[in-house]
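As a plain string of letters, each chain reads:
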Amino acid sequence: PAENLKVMHTELEKLESLEPASGEFNVTRTYLDWLTTVPWGQFTEEKYSISNAEKVLEEDHYGMEDVKKRILEFIAVNKLTGKNSGKIICLSGPPGVGKTSIGKSIARALGREFYRFSVGGLGDVAELRGHRRTYVGAMPGKLVQCLKSTKVMNPLVLIDEVDKLGAEGRHRGDPSSALLEILDPVQNSTFMDHYLDVPVDLSQVLFICTANYLQSIPEPLLDRMEVIELAGYIPNEKIEIANKYLIPKALEESGLGSSVEITSEGIEHVIQGYCREAGVRKLEQQLNKIFRKEALEEARRLEMAEDEYKSSEGLRVSIGKDDIHKYLGVPKFK
């Protein structure tokens, strides 16, 4: 932009008159480095294909119909208006329901670059807005760093744990108030970073926030976001998720391949007896536990004498409902 170019020329003239050995020289040089690494005017071309987005969202997540519908509406509006509109969506729900991973899927569906940073416990406003240039080791804020690392002006930025923003510790300024400008579609086209001190256009960025509890998000901040609530999964959905995503992943991580299977009654027993929380993170941990114990048995069998082992080759282990307590102990829920 012309205004920023003017600032750049002024700084370059200043650099010419400085001694290379002076401290000021390095400060100015680093500043010019940052000004030139911001990808002014560089955009990724978005895919406005609804069928492709549907395919990607179905591949990555089971259920979540409301979220998928909202993303498809967003793509449809962009397709018809021909403009990239940066909107702010807040995914709220219990831990382990896939809020962070759906952010990645949306980026893949839209063909946007993906950048994630967590603001949980963030107490210093300079993390978002940058430090003043006069400080030693001054750096721009997270948003400018995001533009530098994604090399485009329209990435998808996932702001994780927005409900835990500066929850503890001493505050330097109020980070939630700094987020107000960043997340306001009207104001963020002229976002001023304290370090760069030139307007940066964030209006094309698609912001997605995640939160466990909406109650702890400050009211003015919540007002700027469109909230999509993710409920937990019912047992039937958990069984589908386990079969489609969790078990293949756990088998691969434990090195067992396809030599072990869990019956559907077995999976149901794990869900009903050991992990009844809303998300599927605990379920994943329990499945990993089962397969780790089975991997130990497999490794023991491999260490047997070679000829003895040959007789047990091609052995398929099937884990049923009655075998689960052997791996996970007494059920926690009756």
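Calculation criteria
- Residues numbered from 1 in each chain as written.
- Predicted model: local features only at pLDDT ≥ 70, side-chain atom pairs only at ≥ 80, totals over all residues.
- Heavy atoms only, no water.
- Phe/Tyr/Trp six-rings, centres within 6.5 Å; stacked < 30°, edge-to-face > 60°.
- Helix = DSSP H or I, 4+ residues; strand = E, 2+ residues; numbered from the N terminus.
- Buried < 20%, exposed > 50% of the residue type's maximum accessible area, 1.4 Å probe, protein only.
- Lys NZ or Arg CZ within 6 Å of the ring centre and 35° of its normal.
- Pairing = 2+ DSSP bridges.
- Axes fitted to C-alpha atoms, helices over the stretch in contact; angles between N-to-C directions.
- Polar contact = N/O pair within 3.5 Å; in protein donor to acceptor, adjacent residues only side chain to side chain.
- Contact = heavy atoms within 4.5 Å.

Undergrad: So what's going on with the packing of aromatic side chains? Which residues, and what values?
TA: One pass over the structure, following the stated rule, counts two aromatic pairs. For the pair Tyr31 and Tyr195, a centre-to-centre distance of 5.9 Å together with 65 degrees between the ring planes defines the contact as edge-to-face. You can see Tyr31 sitting in helix α2 (residues 23-37) and its partner Tyr195 sitting in the loop between β4 (191-192) and β5 (199-200), a full 164 residues away along the chain. Each member of the pair, Tyr31 as well as Tyr195, is classed as buried. Between Tyr115 and Phe117, the ring centres sit 6.2 Å apart and the planes meet at 55 degrees, which makes this aromatic pair tilted. Exposure remark for Tyr115: the relative accessible area of 16% places this residue in the buried category. Relative accessible area serves as the criterion here: at 4%, Phe117 is assigned to the buried category. Looking at Arg133, its charged tip hangs above the ring of Tyr31, at a distance of 3.7 Å from the centre. Across the ring face of Trp34, the terminal group of Lys148 is positioned such that the distance to the ring centre comes to 4.6 Å.

Undergrad: How would you sum up the pairing of strand β3 (residues 156-160)? Please name residues and give values.
TA: Most of β3 is tucked away, with five of its five residues classed as buried. Alternating residues of β3 divide into Leu156, Leu158 and Asp160 and Val157 and Ile159, and every residue in both groups is buried. Here four bridges tie β3 to strand β6 (residues 206-211), and the two strands are oriented parallel to one another. By the bridge assignment, Leu158 is partnered in β6 with Ile208.

Undergrad: Mind laying out the pairing of β6, listing which residues take part and the relevant values?
TA: Look at any regular strand and the pattern is simple: side chains alternate between the two faces of the sheet. The element β6 is largely enclosed, with a buried count of six among its six residues. Here β6 shows two buried faces, one formed by Leu206, Ile208 and Thr210 and the other by Phe207, Cys209 and Ala211. Note that strand β1 (residues 88-92) and β6 share five bridges and pair parallel. Bridge pairing links Cys90 to Cys209 in β6.

Undergrad: Describe the sheet that holds strand β2 (residues 114-118), and please don't skip the residues or the numbers.
TA: Strands sit in the order β2-β3-β6-β1-β7 across an open sheet of five strands; the sheet is parallel. The open sheet is flanked by β2 and β7 (226-229), the only strands paired with a single partner. Adjacent strand axes in the sheet meet at a mean angle of 20 degrees, parallel and antiparallel pairs treated alike.

Undergrad: Describe the side chain of Thr150, and please don't skip the residues or the numbers.
TA: Here Thr150 lies in helix α7 (residues 142-150). With relative accessibility at 8%, the residue Thr150 sits in the buried group. Only 2.9 Å separates the side chain of Thr150 from the backbone oxygen of Cys146, close enough to count as a polar contact. The contacts of Thr150, once residues within four sequence positions are left out, are Glu113, Phe114, Tyr115 and Pro155.

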